[in-house]
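Observations on the model geometry
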Amino acid sequence: MLAIILKRQHVMEYNPFETDFDKLKFSDLESLITKEIGEGWYIEYKSIIPKTNGKLDNIKISKSISSFANTKGGWIFWGITCDSSNKPVSLEGIDITEYRNFEDQISQIINSNISPKPFYHLKVIDVENGNVIIVFCIEESPTPPYITSQGVIYQRENNESKPIKDRYIIEKLNEKTNNYYKSIERFSKFNLPETKGQANWNQTYLELYLFPLPFNEFKFKNFYSSDFFKNVAVRFYQNTQFAFNSEEEKSVSLNLGFNSIYSSERSIIIRPISDSNLIYKSTTVELFDNGNLKFLIPLHEFKTDNIPAHYENSNTIEYLLNKYSPYDTFYDFDNMEMDKKTLRRVDTDFVNHVKFIDGHELILTIMIIVTKYKSILEDNDFDFKNEIGFRTKISDCWRKFVFFDNEDYLEKLKLYNIPLSPKSEIEIPEFKNGNYYVIDLSENYSFIHIARNIMEGIGLPDSQTIKYYEIINKAFERYFKIKNSNDVS
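Quick notes on the rules
Residues numbered from 1 in each chain as written. Predicted model: local features only at pLDDT ≥ 70, side-chain atom pairs only at ≥ 80, totals over all residues. Heavy atoms only, no water. Helix = DSSP H or I, 4+ residues; strand = E, 2+ residues; numbered from the N terminus. Buried < 20%, exposed > 50% of the residue type's maximum accessible area, 1.4 Å probe, protein only. Contact = heavy atoms within 4.5 Å. Polar contact = N/O pair within 3.5 Å; in protein donor to acceptor, adjacent residues only side chain to side chain. Phe/Tyr/Trp six-rings, centres within 6.5 Å; stacked < 30°, edge-to-face > 60°. Lys NZ or Arg CZ within 6 Å of the ring centre and 35° of its normal. Salt bridge = Lys/Arg side-chain N within 4 Å of Asp/Glu carboxyl O. Pairing = 2+ DSSP bridges. Axes fitted to C-alpha atoms, helices over the stretch in contact; angles between N-to-C directions. Parallel < 35°, antiparallel > 145°, perpendicular 65-115°, else oblique. Left-handed = near helix turned anticlockwise from the far one by under 90°. Nonpolar A, V, L, I, M, F, W, Y, C, P; charged D, E, K, R; others polar.

Moving on, we get to the environment of E39. Mapped onto the elements of the fold, E39 is located in the loop between α1 (26-34) and β2 (43-46). E39 sits in the partly exposed class, given a relative accessible area of 21%. Here the alpha-carbon distance between E39 and C82, two residues 43 residues apart in the chain, equals 8.9 Å. Dropping the residues within four chain positions of it, E39 is found in contact with E44, Y45, N86 and N159. Within polar-contact distance, the side chain of E39 engages the backbone nitrogen of Y45 at 2.8 Å.

Glancing now at the environment of D95. Counting through the fold element by element, D95 comes out in the loop between β7 (88-90) and α3 (102-113). Taking the C-alpha atoms as reference points, D95 and I49, 46 residues apart in sequence, are found 9.2 Å from one another. Here T97 takes part through its side chain, which lies 2.7 Å from a polar atom of the side chain of D95.

Turning next to the packing of aromatic side chains. Under the counting rule described, the total for this entry stands at 37 aromatic pairs. Both rings, one in F17 and one in F77, keep their centres 6.1 Å apart while their planes meet at 75°; by these two values the pair is edge-to-face. Here the residue F17 occupies a position in the loop between β1 (2-6) and α1, and F77 occupies one in strand β5 (residues 74-78), the gap between them amounting to 60 residues. In this pair, the class of F17 matches that of F77, namely buried. With centroids separated by 6.1 Å and ring planes inclined at 15°, the aromatic side chains of F220 and F223 adopt a geometry described as stacked. An identical accessibility class is assigned to F220 and F223; each is buried. An aromatic cluster is present here, built from F187, F190, Y209, F211, F215, F288, F431 and Y436 joined pairwise through their rings. In this structure, K323 is placed above the aromatic ring of Y324, and the distance from its NZ or CZ to the ring centre is 5.6 Å. Positioned over the ring face of Y327 is R345, at 4.1 Å from the centre of the ring.

A word on the pattern of salt bridges. Applying the stated criterion across every chain yields a total of 20 salt bridges. Between K35 and E18 there is a salt bridge, with the nearest N and O atoms lying 3.6 Å from each other. With K35 in the loop between α1 and β2 and E18 in the loop between β1 and α1, this pair connects stretches of sequence that are 17 residues apart. K400 is the salt-bridge partner of E301, the closest N and O atoms lying 3.3 Å from each other. Of this pair, E301 sits in strand β21 (residues 301-302) while K400 sits in strand β26 (residues 400-403), placing them 99 residues apart in sequence. Judged by relative accessible area, which is 13%, E301 ranks as buried.

The next thing to look at is the pairing of strand β12 (residues 154-157). Bridge analysis of β12 against strand β13 (residues 160-163) gives four bridges, and the strand direction is antiparallel. Bridge assignment links E157 to a residue of β13, and that residue is E160. Linking two consecutive strands that pair antiparallel, namely β12 and β13, is a turn of two residues; a positive phi of about 55° is found at N158 within it.

Most of strand β14 (residues 205-212) sits out of view: eight of its eight residues are buried. Residues Y205, E207, Y209 and F211 of β14 are buried on one face, and the alternating residues L206, L208, L210 and P212, pointing to the opposite face, are buried as well. Bridge analysis of β14 against strand β20 (residues 293-298) gives six bridges, and the strand direction is antiparallel. In the strand pairing of β20, E207 is matched with L296. Relative to strand β25 (residues 388-395), β14 runs antiparallel, the two sharing eight bridges. If you follow E207 over to β25, its bridge partner there is K393.

This part covers the packing of helix α6 (residues 315-324) against helix α9 (residues 407-416). Interhelical geometry of α6 versus α9 gives an angle of 20° and a closest axis separation of 9 Å. With respect to their mutual orientation, α6 and α9 come out roughly parallel. α9 is crossed by α6, and the crossing has left-handed handedness. Residue-level contacts link N315, T316, Y319 and L320 of α6 to E407, Y409, L410, L413 and K414 of α9. Its residues placed into classes, the contact of α6 with α9 shows five nonpolar, two polar and two charged.

A few words now on the side chain of S446. As for its position among the elements, S446 is in helix α10 (residues 446-458). A distance of 3.3 Å separates a polar atom in the side chain of S446 from the backbone oxygen of E443. Apart from residues no more than four positions distant in its own chain, S446 is found in contact with V370, I439, D440 and L441.

Purely geometric stuff here, so don't read any function into it on its own.
Below, the structure is given as structure tokens:
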């Protein structure tokens, strides 16, 4: 049996082995004896599982884990016996057959009894006698103090876990946490000025920030090499393939027109440029050496006087026009025939000031950028058991709303009315104290989680029941129709 629960990509600086944690074998554990690596600041041995009255001891387990997280990190081994000098002498292991889902139970104990959750690895390694040895690797976690459910803050002192009583030490732990969150705030900015002409366009921009967790711990190994640069260029230049749905063997190629890439300090910048758009603030991706990514794009939006051709027969748009700009009869007083009447829509605020943000385009845009980002991480051995943090900002969204050409969405508009944004700028979550949401990129449709948060931030009626998969399929249908039409012409 060999089970792994990996909580973090980056491995702590101290490693008693000559191999990475995820490659540990029983033979590596034997080196603890041959090298006489005893207990101390970074090592703790237990011959048995910490238990009280036959049950896993939550207090003892959380005490040990939190003490390493609050100090410099360390290793805990269950199933290794020590001599009187606290050096390992036997790898007998322990029997965990009495426990159901042992690894899950341990994770639940740690997550429920230590706040905030520390970053750690857990591995179960087989012993020839049928027992196992449990190995923990606890990182020097970035947001201390890590407090147990008993309200105690522990630190590692030599070979013991002791409560912290020195106020200065606690203040330094808090300072470390504040600096961690400040670094996220510094990252979450896009310094791309607009031209004077653009400033009057009232264009809505989406900013998306993605970063491996813990922040600033992951590193691309060959970021500054020519091969890495070329690979990133290929990933962004090439089309992104998506399956139409599970029932049909159709796929669609999508791209954002990326055709320019260059190096900056600690980052690579990718943009789509054309002869007519060299200086305007436009779609921009910045990929950093620590795996962080910034993405800015002007959202596709339209008014009633420039409705896209593929929406001309939309029942949803027809309903909105009839409700907010109905037809009325007007006399043409400039005509010699004074009684001549003209039927046209009423000139209203809806016509003059309200803009539609194309929800279909927004979802597909997020789909493209998340897929490309995931591909680059895959190319560079990122472990997708680790989570990705994300934040988004939408600017200049006042008097705008997310639009879907969808019957379910139409029924929501009839019931709840038009969801016009009353805000000019929206942060999701609020850009304060390092707040972020989490995404699991191992999920095939993880991009929907990001897209949902963005659209909910702008405003959606009864957003939890929006049928996103149906919307995506309809967007794909539209692309196939456009493609087929272009092929025919």
